[in-house]
Amino acid sequence: MIRNAKGRKYHYDSEEEAFAELADHGEGATVWTRDVYRVLFMTRSVDGWKQVPNPRS
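All of these numbers come straight from a predicted model, not from anything done at the bench.

What's the story with the sheet that holds strand S2 (residues 9-10) in this structure? I'm lost.
Strand pairing in a sheet takes place through backbone hydrogen bonds and is either antiparallel or parallel in direction. Spatially, four strands are ordered S2-S1-S3-S6 in an open sheet, and the strand pairing comes out antiparallel. Sheet topology places S2 and strand S6 (50-52) at the edges, where each strand pairs with a single neighbour. Two strands pair when backbone bridges link them, and strand S3 (residues 30-33) and S6 are joined in this way by three bridges, in the antiparallel orientation. In the sheet register, valine 31 faces S6, and the bridge partner there is valine 52.

I would appreciate a short explanation of the packing of aromatic side chains in the present structure.
How two aromatic rings sit relative to each other is given by the distance of their centres and the angle of their planes. Counted according to the given criterion, the structure contains zero aromatic pairs. Above the face of the tryptophan 32 ring, arginine 3 is positioned so that its terminal group lies 4.5 Å from the ring centre.

Can you help me understand a nonpolar patch on the surface in this one?
A surface patch of nonpolar side chains, about 610 Å² in accessible area, is lined by Tyr37, Val39, Leu40, Phe41 and Val46. On the secondary structure map, tyrosine 37 appears in strand S4 (residues 36-39). Classification of tyrosine 37 by relative accessible area gives partly exposed; the value is 42%.

Criteria and thresholds
- The residue count restarts for each chain, going from 1 along the sequence in the order it is written.
- Note on the predicted model: pLDDT of at least 70 is required for a residue's local features to be given, and 80 or more for side-chain atom pairs to be given and counted; whole-chain, interface and lining totals, by contrast, use all residues.
- With hydrogens and water stripped out, all remaining heavy atoms of the structure feed into the side-chain values.
- Here, any two strands with at least 2 DSSP bridges between them count as paired.
- Working definition: helices are DSSP H or I runs of at least four residues, strands are E runs of at least two. Numbering for both runs from the N terminus.
- Put simply, two rings from Phe, Tyr or Trp (the six-membered ring, in Trp's case) pair if the centres are within 6.5 Å, and we call them stacked under 30 degrees between planes, edge-to-face over 60, tilted for the rest.
- Charge-over-ring placement is defined geometrically: NZ (Lys) or CZ (Arg) within 6 Å of the ring centre, and within 35 degrees of the ring normal.
- Patches were defined on residues exceeding 30% relative accessible area and lacking a salt bridge, with like-charge contacts within 9 Å and nonpolar side-chain contacts (Val, Leu, Ile, Met, Phe, Trp, Tyr) within 5 Å.
- Method for areas: the Shrake-Rupley scheme with a 1.4 Å probe, in which residue coverage is limited to the protein chains shown.
- One side-chain nitrogen of Lys or Arg within 4 Å of one carboxyl oxygen of Asp or Glu is enough to make a salt bridge.
- Note on classification: 1.4 Å probe, protein chains only; a residue is buried when its accessible area is under 20% of the maximum for its type, exposed when over 50%, partly exposed between these limits.

Written out as structure tokens, the structure is:
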């Protein structure tokens, strides 16, 4: 997920895809990820969202 400086959230399928789109969301945008698991038809988060440091910096 990308969260921009205004708090809007944009969801992506992978961290790599989110980092590729990060520059398009302006200064202050950050990438967040979470570990999930599936139980029947529900997706559960293990620890919630965590900010991912940018590998390009």
